Every structure is written in structure tokens, then in C-alpha cells.
Amino acid sequence: MTRFIVGRLLLVVPVLIGVSIIVFLLVQLAPGDVTSTLLGPMGSESAKEVLRVKMGLDKPLPIQYAKWLGQILQGDLGTSWVHKRPVTDIVLPKFATTALLAGTAALLAYLIGFLSGIFAAAKAYRAHDRVAMAFILILGSTPLYWLGLILVLLFSLTWRLLPATGMASFIGGGGVLDVLEHLILPAVTASLPSAAIIARMTRATMIETLSQNYIRVARAKGIRRGVILRKHALRNALPPIVTVSGMELGYLLGGVVFVEVVFAWPGLGFQLYNSIIGRDIPIVQGAVILIALAFVLINLFADVLNAYLDPRTRTAEGARES
Amino acid sequence: MTTLSPTPDLATSAPASRFGVFLRRLKSACQTYAKDPASLAALSFLLLVAIVAIFAPYVAPYDPHEMIGWRNSLPGEDGLFLGADGDGRDVLSRLIWGGRVSLLTGVVPTLLSMVVSLLIGVTAAYIGGWLDQIVMRILDMFFAFPIVLMATVVAGILNPGLFTICIAIFIALLPYITRLVRTTTLQVKRQPYIEAARAGGASNWAIASRYVFPNVVAPSIVYTTTLMGLMVVLGSALSFLGLGVQPPEADWGTMVSEGRSVLRKAPHVTIFPGLAIVMTALAFGFIGDGLRDALDPRARRR
Amino acid sequence: MVEISVRRGVACGFLAAALALGGSLAAKPAKADGTFIWGMPADHSILDPHVTCGWMAKFVNYQIYEGLVEIDLTSSEWPTKLKGQLAESWEISDDGTEYTFHLRAGVTFHDGTEMNADAVKYNYDRFLDPDAPHFNETAHAYMDFIRVIGDVKSVEVVDDMTIKVTLNSPNYEFLRTGMEDCPQMYIISPTALQTYGDDGIPLHPIGTGKFKFVEREASVSTTLVRNEDYWGEKPEIDRIIFRILEDPPTRVNALRAGEAHAIQDPPWDEIQGLEDDGFVITKNDNAPTIWYLSFNMNSPKMQDVRIRQAINYAIDKEGIVERILQGYGRPAYGMLNAGTYAHDPDFVSYTYDPDKARALLKEAGYDEDNRLSLEFDVMIYGTGELTEKWIQRDLKKVGIDLNLNMMEWLAYLDAWVPGMTDDVDLNEMVWGEQTPRWTAFGYRCDRVPPHGNNIGWYCNEKVDKILQQALETRDEAERAALYQQADAMAMMEDAPNAPIYHYYNPIVLNPSVKGYVNAPANWWDLSTVRIEE
């Protein structure tokens, strides 16, 4: 087990180096002159030249990259061009709020997806299965930026049950209950597509497992269906479900941006989107690196969990091939 | 919406050694598919949508960019079956024209991604060794970016437009499909009939093209089909962020987001394109299910 | 029969949907604890007034900083009046080149620093004196855009509480120069400038204004509190929170849910519904906001005046204000926006006349078989580009095909400021300043980029002469007449622009908000606002 974890950790290193190269190259791809973005439309040519030297933009790319990587490793993500303050000050708190939203949404998605998937698999190919799957697929395919608006209209504006925007009340807010209240609508909205995917995945895996010979043997022996489902099928169906669940959590970290826009949730996704259109490259880089890092770690965790659940996957490569 | 991991039951292993066998399998697959009413209905629906979209200039009753009715006319008013949008344009005509863009963003980059993934995945897995390692590490790098993040950043850095969305989806999907292809190829490679063919003196190229490829294509098609539905939704979401097609062109996502401001006054402006997105995504999902049942003998209805 | 039943079915479906969606959502009084929450449509740029642009940043800075003089926004009357702020009084020399300001005694910055002539001079040196240790080159470039650099000869400290600004030539619009949004000639605490430096000021904006800066959460909100040590009348409310709510439906939701007390730029189609539900709609018919097209005089196609006039004739401005703006604007015929004292409400240049437009185009050699095709740079500003698409349709009817080149706002600004390149035929802007001198920045030959916003490279020496004369005329009424003369001459003889509409700046308030004044400006004084439950 330890060997497996070390092996997987070693695999993460080249990935992270690659990620940093890709993120660094984002600057080079971005259209427009960096210095004119920084100085605003009225920056003079001479001021631009001074700035270019000051920022080291006149040096060759590999040197710029090395310098940048060195800073990142020391926890310095640079300074925002638009807000003129350290990127970490802006990005870290927002990452926390996004993680809260994505984490809650993922939990909801696991719950909804897992339960409906098992339900559908138990009734595979019957009407219940079809209806449940179609329903969850419809919810999962509905554009979130539209669905969110409908939920706000009903729950916030018509019935006045839940707040419509933000993460906490600006007046007398900020307590745990207040945040929870603000969390419900966006988390439910964000969870639906992932719930649909996990449900489909769970259903497929369960059907597959239920058709295996040992299950048939167990059934032939007269073991009750519920017991088979719980004791045998579920355990063997878990690994791929865990893998997908990890990926869904990672996906939500980047994918809640639509929900953040609709609910004015002060998260990293929305900040990232704003910074992309505002060409605030240091924030884009910082946010992307953070999300990618989290995604890599979550996948790593899912693999380790799988190795624990299913010893067969305990080769560094094995987990990824399941 | 995204990140659908390859389901393990797609990793088919049925041998197909000759073209005749392939034809017979195709026939039986078609028969299986035709027996499933849901997938059949889904296929017919999509074909209809595709035909209507392709022939949009002849089918659409009005110019999708022209102000035809009063702003936000309800369905039935002004002689417009589905009403007019906030700009007084015919919702039905825009729906028909918008279908072109939405289907295009769903289908073309996904298909392209599948083709490229097949080439990369089969090559890497079949040749193996350091090539495989390098390809997998590069894929891992791209894999570190959640798909929406990848697509948003790519679409945000290039200039917004249809081409940008397609590129973004193409790049974002590559690691996912390639990984499925590679895994399947590795499984096929271990099958006894490959050993047999090799022992019988077949060349690498012959084995790859005649035995490996056909067995890898089937699960890839199933996976890709399901992804197409998700990509219609993702494409529409990118348009919502303003990263997609630019006015006056519109896809369904743009239509939904344009109508959000008048949700209470004129709900039809968002409901119809919203329905179109949902139904299309649903149809792709059902087709994917049907294809899987048809192409994978083990997953067939029991 | 079949058609009727289908229709009835559709109607029933929508009835059900309408019941769910369309019920009345009566305004809920927002909580009152002395906090006032304003929903902004976009994030504001940095709070260093000398190197910033934009209405949002000006709005926040207006509450934090003060200038020597300021435009009084506590009244919705037009035209706006100047009032002394850090300067208690001032004198203008007979030749109009020397401005002497007598500063107000006993004013301190939010950090406790005393405001005096040295503090003011220190601020001027920041953008005027290249030899000063705190000289800021970017601020210099920003000030050049509104000709502060070319206009000001010297700034002298006369005594502790008196400062004299000497100009190169007579200029009777000087007091209002720099009181607009881009850039803002506010006085920053010299101690703060020394302590935090150029990079630190945006995070530590320290002025003398009625509100003090507390914190800013990027893209989310900016919070200010009442300055208890303010030299004049203190604000009614304790705290202002500017919330960034970029998505229009979300902005409306926040207002409806009582999570914002006021919102700016409501979607026009929603205004009636908000009013029906008890929200208070305010507007100002004299907001200095004009929506206009500029033509590129360097583009070969646009050099023919008949084409520029044809476009002016071809656009149905009445239709735009009625059907898109829902009455929150009126057609514009000249470039003197409604917020300036020189605005002439009776001036009409070109009214909607598509036949005349077609005739002019025919004279210029274009017709249905030989259609004119033009490149139009368009900004994306969250309004769905409805007006631009309307214009595209109107012009199509007379035989002009417009290609809309859409650009994100920031990218658009970067393309707009340096002036149109030869491959662009026209572009657009929504802007306006309260000084009529603003038209000169758009008309004069020497105000082409980077020295002004004559981004269409227009030049007519006769117009220039009148505008210069206006600048040197002391009497306001005479000055107004000269500006009107220049505007009429430019519009009628050359038509370098197509003004489309004056915008009324609708602001929607929760009914519990009292005392808000929708002054003729694009930012507002929030010190008079109070909240009653």
C-alpha cells in the first residue's frame, strides 16, 4: 500500500510540472500587449518599455518561466494587474468559498446519484428504471444558468424561503446558519449534472456487477436480493464509482462558475471568468494552478481509496486502467 | 454536464477476425438497436432536428435576425407560432437556425476528438514502452484541468466565436477519449486471438488494423455519442458566458441567456431553446445507451 | 379548427407557466441597520483617482475623495452647479489664466493628515512634475487625455492655505476639468502617498470625503463607512456597500429579495414590472449620457459627407427609445449632451427619413445593386446589443450592410482610445461629461488620439475656431451659445457623428430608501440617503 501511494505521488510530480508549463504559456497565448493592459489605454510607449524591462519580459521565455516557477514554489502567485494586490490575497479566500460550494454540491450529487443509480440498477430495464434515469438526465441536461433562475424565482422571490444572492447576508449575516441558508439553492443547482453522471455510472456498474457469475451463484444459493446488493455487488462496483466521484468533485471546482454567476456567489470560478475577460493574467494563472492542483490531489485520493477498496488496483498504473 | 468516465462495460472483447463477421455483427447490432423504442425514438428525433437545422434556409419561416413581431410577443401572437424574443425576432426561426450551431458544437469537435484520440490511443497502447509513457504523461497534464475550466480558459484566450468553442471542446475532450481508447486497446492486446494472429505471422499493421481497431472503435463510438449530448449543454453554457458565437448569430445557449432578463414577462423566450437543449442532450444519451446495448453483446438486455 | 385547438393548448401551457412565474412579487422592505447596499452592473477599476477611468470607480471615489471644487449632486436640478469643497472660495484673474484657491481650514484626511496647500501641491506634482520623487508617469498620461498637462503652466503654494494654478491660455472650463470620470483630479493624503506608494493607494484610498474606505473584495463588494470627522454635514447612513452584480437577472433578484437597496441599469424590460410590484423608479432626463456613433474620416468610404448624413437619416431613433429603452431616453440630434449647461433641447439635425437616406446614397453612387458595406466596432456592455442590432436593421433597409465587430468592453476600450484604424468605418460610445468642452475633445483637430477622444479624426478649422473662442469666453450664456454654434456647424456641415439618444439613467430603489437624489450625472452623492422601515 505504502509503495503504491509513493508510486502515485511520484507520478504527480511530472504532471504538476507540465501543468505549470501550460499555465505559464497562457500569458504568451493571450492576445494584446501585457504592458498596455497594465498601464491602461493611456500608457505611453516609453512607460511600456520601462515596465517591460521591469517585469523581465525582455528575457527569453525559459528564464521567465524559471523565475516565475521559483516564485510560485515560494507561494508567491504575483500581483493582480487589475486589482493591484497579491494574487494569493484574492484567490485563496475565493478558492475556499468555491470549495465549500463545490464540496456541498458534490456531496448532494453523490447522495442523489448513488441512490438513484442503485435504485435504477435494481429495477434495471423496467419502467421505474427508465423513468428515474430519464428524469435525472433531464435535470442534468438543463442549463444551470436557467434552472438557477427558476429556483430563485420560486424559493426566494415567491415563497421567500431562501436568499437569492451572495454567500452571507451583508446586514447582520455571516453566521454558520446564514451561510448554510445561502448555500442551499446554489449547491442543489450545481449538483444536478454531476448527480446525473454518477447515477448513470452507478447504474451501469451495478448492472455489470450483478451479471457476474459469483452473483448468479449467490442468487442460485438463495441469498436474498437485498443482501446480494449490499454485501457483494456494491463493494465490487465501488472502485469505478469512486473514480468518477473524484473526477466530479474536481469538475465541480471548475464547473460551478455558471452557478456562481447566477447566484452572485463570491467564488473563484466567477473571479476566473472576470479575470479572463479583464485579461488579468496573474489571477487566471493563480486560479487555474490552484484548481488543477486540487483536481490532481482529489484524483490521487480517489486512486488511493480505490487501492484500499480493491487490492487488484494496487499498481501505480492499475488504478488508472480500471 | 461533463467528465463522464469510460464505463467499464464498454471495454468489449469480442473477437472479430474477418469482414464478414464484422458485417454479421453490424446486422445483429442494428437489430438489437431497432428493438429498443427509446433509442429509436431518440435517433428519429435527432435526425429530424439535424435535417431541419441543415435545411434551415428553406424550413425557417422568417429571417432569424429580422424583427418580425412586437418585442416579446407570446406564442400565437403576431402570427408567430412560438412567439418573438426580446428583439422581436421569430423564436421558431431562431430555434431552427440556432440548432445548426448547437448541433455543430456538439457533434463536430467531439467526433474530431474521437478520431484523433483513436490514432493517439491505439498507437500509444499498441506500441507501448516509452512512447506510451510519454503520451500518458502528457495526457495526465491536460487531465489535471477540469473540463469546464479547460474550455473556459481556451475559449477566453482565443477570440470568442464558433471556432473557439469547437477548439475548446476538442482539446478538453482529447484526454478523456484517448484514455478510454488506450485502456481498451491494452485489454484487446491481451486477448488470446491476438496472440494467435501474431503466432500466425500477421504483421503489426495487420493486427492493429484488422483486430485491434474494430474492437476499440465500438466503445469509443458509444462513449463519444454520450459526450455529444453533454457537449451541446457545455457549448450552450460557454455561449452564456459570452465566449461562444457572436450576435446576430445565436445558438440555443445564447437564446436562453438572452431571454433570462424577461423570464417573468415572456417565459417562452427561454423555455423553447431550453427544451431544445435538454431534449437533444437526452436524445444523445439514449442513443448512447442503445448503441452500447447493441454493440456490446454482454450488456444486452437480459 | 386544428389550429385553434393547438393555439388553445399552447395558451393553456403558458397560462400555467405564467401562474408559476408571473405572480406579483411585492417589494419587501429591506433590513435597516444604517447600511445601504447598491447593486453595481460591473466591477469598478482601482481607487487611485489619478490613474483610473470609468463611472463605477468615479462613483466610489466620489464618496471617499474631494477635489478643490466639486459638482453639487445633492439636487436633481439641471444644469448642475459647482460648489467649493476643499477650496472655500476662488478667484479667476481677469485674463482667465490664473486660478487662486483659498483652502478650507480644519480639514483632515482620513488618516489624520492635515489638508493644506502643500498637500494639494504634492498631488499636482504627482502628475505634473517629472522631477518630483513621486512623479507617476501613468497619471501624467491620463491627465494629458483631458489636457490638464497642456493647459497648466505652474502650481504655486502662495501661503499655507492658498494655492495658485497658472494656465498657458485663458480657459473658463478649467474648474470642471478633472471633475469627471477619466481621470479624476481628487486630492489624496500625501502621507498615504508616501507610505503606500503608487501600488498601495488602490488598497488604501485615503481622502477627505464623507465616507472612509473599509475593504474591497475583488469582483464582490466594496465597503465604506461614514467619516465621523467630516468637516461638513455628515451622511445619514453609517455604511455603504457597493455590490458587484454583473448578471442583469441576478441584479434584479438581489433587489427583489431585499439583498440590495438600489440597482443601477435594470434590464429595460423589467422596469415596468418592478414598478408594479412597489419598487421606486427614479430617472433623470438631463443625465449627461449620450449614446453615439462616430464615423472614421480616414476611411475612404466614410469621406463622402452624403453617406454620413444618410446614416443619420436612416436610423429610427424614436423607435429605439420607445421600443428598446421603454421611454428611458429621448432621441439625440447633436453632441451636446443633456447634462451640460450648453444643451439645446430644441436643436434638431437629422430626423428619421429613410427615403432621403436612399436618395443621398444614390447620389453617392450606391443602390440596391451596389450596396454599401461598412465595418462597425461594437462593445459588449451587458445590454444585449439591442440598439446596435436595431441600427443594423435600419441601415439594411436603405441599402447599407453593417458588419458588427463585437468586442468585450475592456478590449473595446483598448481599441477605441487610440482612434479608429483605416479598416473600421464607424464605432460607438456611451459617454458624456458635464462640461460642454467635452464636445471639443471629440471635434477639435488637435484632440486626436492620444491627446483627446476625437477618435474619428475629424477636422474642421471653422469649428475649432468657435470652440477655442468658447473656451476663452467668460460669460456662461455666451459660452453656451458658442458651443451650440460649433455643434450645429459640425453636425449640419460634416456630420462626423450620429448621436442616437440621451439616456435617463433609471435607478430602481427599494421603497424603504428615502432621500436618494438621481442627479444629472453618472455617479451620485449617497450622503443624503437614509433608510426607513
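Structural data are supplied above this passage.
Scope of this entry: the structure provided in the associated data block. Owing to the predicted nature of the structure, the values given are computational and were not obtained by experimental measurement.

## So, the interface of chain B and chain A
Taken together, the contact pairs 44 residues of chain B with 48 residues of chain A. Of all the secondary structure elements, the ones that give two or more residues to the side of chain B that touches chain A are helix H5 (129-143), helix H6 (147-157), helix H7 (162-189), helix H9 (204-240), helix H10 (252-259) and helix H11 (268-295) of chain B. Residues of the side of chain B that touches chain A, tallied by class, amount to 24 nonpolar, 14 polar and six charged.

## Structural notes on H7 of chain B
Residue and element names in this part refer to chain B. If you check H7, its first and last C-alpha atoms are 39 Å apart, about what 28 residues at 1.5 Å a residue would give, namely 40 Å. Of all the bends in H7, the greatest reaches close to 40° and is centred on Leu 174; the proline Pro 175 follows between one and four positions later. Of all 28 residues in H7, 20 are buried, a share of seventy percent or more.

## Points about the sheet that holds strand E1 (residues 35-40) of chain C
Residue and element names in this part refer to chain C. An order of E8-E9-E10-E1-E11-E19-E12 is seen for the seven strands of this open sheet, with the pairing classed as mixed. The open sheet has two free edges, formed respectively by strand E8 (211-217) and strand E12 (280-282), since each of these has just one partner strand. When strand polarity is set aside, the average angle formed by the axes of neighbouring strands in this sheet is 20°. In the sheet, E12 pairs with strand E19 (residues 507-509) via three bridges, with the strands oriented antiparallel.

## Points about the sheet that holds strand E14 (residues 329-331) of chain C
All names here are of chain C. One open sheet holds the six strands; their spatial order is E14-E18-E13-E17-E15-E16, and the pairing between them is mixed. Whereas interior strands pair on both sides, the edge strands pair on one side only; in this sheet they are E14 and strand E16 (400-408). Strand-to-strand twist across the sheet, computed as the mean angle between neighbouring axes with direction ignored, equals 25°. Summarising the sheet, strand E13 (residues 290-295) and strand E18 (residues 497-503) pair through five bridges and their orientation is antiparallel. Within E18, the residue paired with Trp 291 across the bridge is Tyr 501.

## Observations concerning the environment of Val 508 of chain C
Residues and elements named next belong to chain C. Its location among the elements puts Val 508 in strand E19. Val 508 sits in the buried class, given 27 other C-beta atoms within 10 Å. Along the chain, Val 508 and Leu 274 lie 234 residues apart, while their C-alpha atoms are 8.0 Å from each other. Discounting chain neighbours no more than four positions away, the residues touching Val 508 are Leu 255, Ala 262, Ile 263, Pro 266, Leu 274, Phe 279 and Ile 281.

## Quick word on the packing of helix H5 (residues 87-122) of chain A against helix H13 (residues 281-309) of chain A
Residues and elements named next belong to chain A. At a closest axis distance of 10 Å, the pairing of H5 and H13 adopts a crossing angle of 40°. One finds that H5 runs oblique with respect to H13. As H5 packs across H13, the resulting crossing turns out to be right-handed. Contact with H5, carried on its side by Val 87, Ile 90, Val 91 and Phe 95, involves Pro 282, Ile 283, Gly 286, Ala 287 and Leu 290 of H13 and no other residues of that element.

## Comments concerning helix H11 (residues 354-363) of chain C
Helical geometry note: an α-helix holds 3.6 residues per turn, so side chains three or four residues apart project in the same direction. All names here are of chain C. Among the residues making up H11, those that are buried are Ala 357, Arg 358, Leu 360 and Leu 361. Projected onto a plane normal to the axis of H11, the buried residues spread over an arc of 165° and lie on a single side. Within H11, the exposed residues directed more than 90 degrees away from the buried face are Asp 355 and Glu 363. Buried residues belonging to H11 abut helix H9 (305-314), strand E15 (372-380) and helix H12 (386-398). One or two residues past the end of H11 sits Gly 365, with phi positive at roughly 100°.

The rules behind each value
- Residues numbered from 1 in each chain as written.
- Chains lettered and ligands numbered in written order.
- Predicted model: local features only at pLDDT ≥ 70, side-chain atom pairs only at ≥ 80, totals over all residues.
- Contact = placed C-beta atoms within 7 Å.
- Helix = DSSP H or I, 4+ residues; strand = E, 2+ residues; numbered from the N terminus.
- Nonpolar A, V, L, I, M, F, W, Y, C, P; charged D, E, K, R; others polar.
- Expected span 1.5 Å × (residues − 1).
- Bend = angle between axes of the 7 residues up to and from the residue.
- Buried ≥ 20, exposed ≤ 12 C-beta atoms within 10 Å, placed from the backbone.
- Pairing = 2+ DSSP bridges.
- Axes fitted to C-alpha atoms, helices over the stretch in contact; angles between N-to-C directions.
- Parallel < 35°, antiparallel > 145°, perpendicular 65-115°, else oblique.
- Left-handed = near helix turned anticlockwise from the far one by under 90°.
- Arc of directions from axis to C-beta.

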